[in-house]
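# Fold and geometry: a report
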Amino acid sequence: MPADGRTDKDRQLDADRAAPEETVLTTDQGVAVGDTDNSLRPGERGPTLMEDFHFREKLTHFDHERIPERVVHARGAGAYGYFEAYGDALAGVTAAEFLTDPGLRTPVFVRFSTVAGSRGSADTVRDVRGFATKFYTRQGNFDLVGNNMPVFFIQDGIKFPDFVHAVKPEPHNEIPQASSAHDTLWDFVQLQPETTHMMMWLMSDRALPRSFRMMQGFGVHTFRLVNEAGEGTFVKFHWKPKLGTHSLVWDETQKVAGKDPDFNRRDLWEAINDGDFPEWELGVQLVAEADEHAFDFDLLDPTKIIPEEEVPVRPVGRMVLDRNPDNFFAETEQVAFHTANVVPGIDFSNDPLLQARLFSYLDTQLIRLGGPNFTQLPVNRPLSEVSNHHRDGYHQTTVHRGQAAYHPNSLGGGCPAIAGDGYTHYQERVDGNKIRKRSESFADHYSQATLFWNSMADWEKEHIVAAFRFELGKVEPMHVREGVVRNLANVHPDLATRVAEGIGVEPPAPPATPPGDRRSPALSQANSPTDTV
Ligand code: HEM
């Protein structure tokens, strides 16, 4: 670890930092400017002259300052820091060096966000929070693009545009700005019962974090760790805050949103400025390939957790955030996370939500960040060397040398070698007819919602009921309210009755067999690597 506490990423960024106070004012062409307050004009009261290049450049640059905000997660706050593995417990499970070598200090950039609101919306709204981490590893960038809740609203990414259209402000009047109280969201929810488990989390106090420093993070999907021999192990990633997980209560969030809409952003900034560096522990739940079907839910279903009683979370390292960005736009706004940014030792599963994400992030960033060269932006640039045949495009900043930009070539001067130990995809056998059909193993939408409800203390249940009543109670069409209550009856009759009574809906008849917790059959311990880490 360096004596000055600076990471390799800090040093890499030095070359890009501008310090205007040490310079004279110039144009973009480097010409010194003598007057930036008065435009050039014939006579004191004449019109502005076209030849005033400084005036034109200043206005033109200003006119083009805005880029599109993120289509979701538009509002966020970021910070730099580092990650250290505790030990080599994952050696033999993954070839990812940063997870297995405790001597390495891997620089990170983390961005926390709300999901639905626009860039200028308030921090303390009822919403999911994004928790995205870019690890600048020696083997390339790995992005863990997670949320503060362990499950998601939908099971297949093809529904994501529908879901986001329902959750964002309504198209005719752009209301509500950032709130879970509107007709389209609840209409989608009542018609898509797979949202039920996530809606329980969203109506809980988890949706009102007191501080980004006090939030858990989850990769949500099942990923794969892959060792040097090409053997895979399923993995769920967890971040656990050292300060514990804490929420505001609903009434506080309302007042704070009015008095200080930047509440969470300010808290993170000030803590880091004061040297009160937030810290998280990275944990993993590991499942042997042989146990893929050992659960009563599908590991590929992102609306399900793996209960920790069944597979414990093993701590494998810690992350500290110790430096605020120098410039919000350059770093926090231009950072580009992508679930497909993986390094050797980490691979995907066939989770249909994850598979959609593997397409969506790069696609959106091509427009948000203006073409294919955004990976050269300082915050996105890997620490490991980048060398390939990608050329040209808007905002190309690399001056590629050499005659040839293709592979293979025999002319030399521009042809990087193919690495013998380069990234190899996990060799999973996949065989099937092309069909648009969800596996039956994705069909249970309620058991884990029930598990969640049953795990709550009485006061937490009261908060959940109050949240459903508040949010759903603002929905105008009664059939939408009734539809949601019908879904909730499958979670727990008590929940459904209490919500129904608060929103003018007839309480549902109790189901013939009350729903209960479901537990998975025992795992095959012989094949479970969870004992070894
Ligand atoms: C941001 C798509 C599901 C976490 C985004 C963005 C898109 C997107 C287009 C904006 C990215 C940018 O402009 O740079 C999708 C799709 C999903 C999906 C298509 C499902 C098919 C999820 C899930 C999670 C998640 C399940 C959490 C596990 C995030 C986070 C960000 C984000 C944290 C903000 C990243 C940042 O801070 O820049 N998503 N998303 N998304 N998404 Fe997703």
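For the structure itself, consult the block above.
Computed from a prediction, not measured in an experiment: that's the story for all the values here.

Thresholds, definitions, all that
Residues numbered from 1 in each chain as written. Predicted model: local features only at pLDDT ≥ 70, side-chain atom pairs only at ≥ 80, totals over all residues. Near = placed C-beta within 6 Å. Helix = DSSP H or I, 4+ residues; strand = E, 2+ residues; numbered from the N terminus. Nonpolar A, V, L, I, M, F, W, Y, C, P; charged D, E, K, R; others polar. Buried ≥ 20, exposed ≤ 12 C-beta atoms within 10 Å, placed from the backbone. Pairing = 2+ DSSP bridges. Axes fitted to C-alpha atoms, helices over the stretch in contact; angles between N-to-C directions. Parallel < 35°, antiparallel > 145°, perpendicular 65-115°, else oblique. Contact = placed C-beta atoms within 7 Å.

### What to know about the site of the ligand
- Taken together, 27 residues form the shell around the ligand, and within it His73, Arg111, Gly130, Gly157 and Ser360 come nearest.
- Put simply, the parts of the chain that give the shell around the ligand at least two residues each are β2 (106–114), β3 (129–137), β4 (140–147) and α10 (352–368).
- Of the residues assigned to the shell around the ligand, the class counts are 13 nonpolar, 10 polar and four charged.

### Side note on the pairing of β3
- Within β3, nine of the nine residues are buried, which leaves it mostly tucked inside the rest of the structure.
- Burial along β3 is two-sided: Arg129, Phe131, Thr133, Phe135 and Thr137 and Gly130, Ala132, Lys134 and Tyr136, pointing in opposite directions, are all buried.
- Between β3 and β4, which pair antiparallel in sequence order, lie two residues.

### Quick look at the packing of helix α13 (residues 478–489) against helix α14 (residues 493–502)
- Viewed as axis vectors pointing N to C, α13 and α14 meet at an angle of 155°, and their least axial separation amounts to 7 Å. Considering the angle they form, α13 stands roughly antiparallel to α14. Contact residues: Val485, Leu488 and Ala489 in α13; Pro493, Leu495, Ala496, Val499 and Ala500 in α14.
- A class-by-class count of the residues in the contact of α13 with α14 yields eight nonpolar, no polar and no charged.

### As for unusual backbone geometry
- For the bond running from isoleucine 175 to proline 176, omega is -5°, close enough to zero to count as cis.
- Tracing the chain through its elements places proline 176 in the loop between α4 (160–167) and α5 (183–191).
- The phi angle at valine 220 is positive, at roughly 70°, despite the residue not being glycine.
- Mapped onto the elements of the fold, valine 220 is located in the loop between β5 (217–218) and β6 (223–226).
- Among the residues examined, valine 220 registers 24 C-beta atoms within 10 Å and is labelled buried.
- A positive phi is found at histidine 395, a non-glycine position, where the angle reads about 60°.
- Within the secondary structure layout, histidine 395 lies in the loop between α10 and α11 (447–454).
- Among the residues examined, histidine 395 registers 12 C-beta atoms within 10 Å and is labelled exposed.

### Here we look at the environment of phenylalanine 468
- As for its placement among the helices and strands, phenylalanine 468 is situated in helix α12 (residues 458–472).
- When the 27 C-beta atoms within 10 Å are taken as the criterion, phenylalanine 468 is described as buried.
- Taking C-alpha positions, phenylalanine 468 is 9.6 Å from leucine 495, a pair spaced 27 residues apart along the chain.
- Every residue in contact with phenylalanine 468, bar those within four places of it in the chain, is listed here: Met203 and Val499.

So far we have only geometry, and geometry alone does not tell us how the molecule works.
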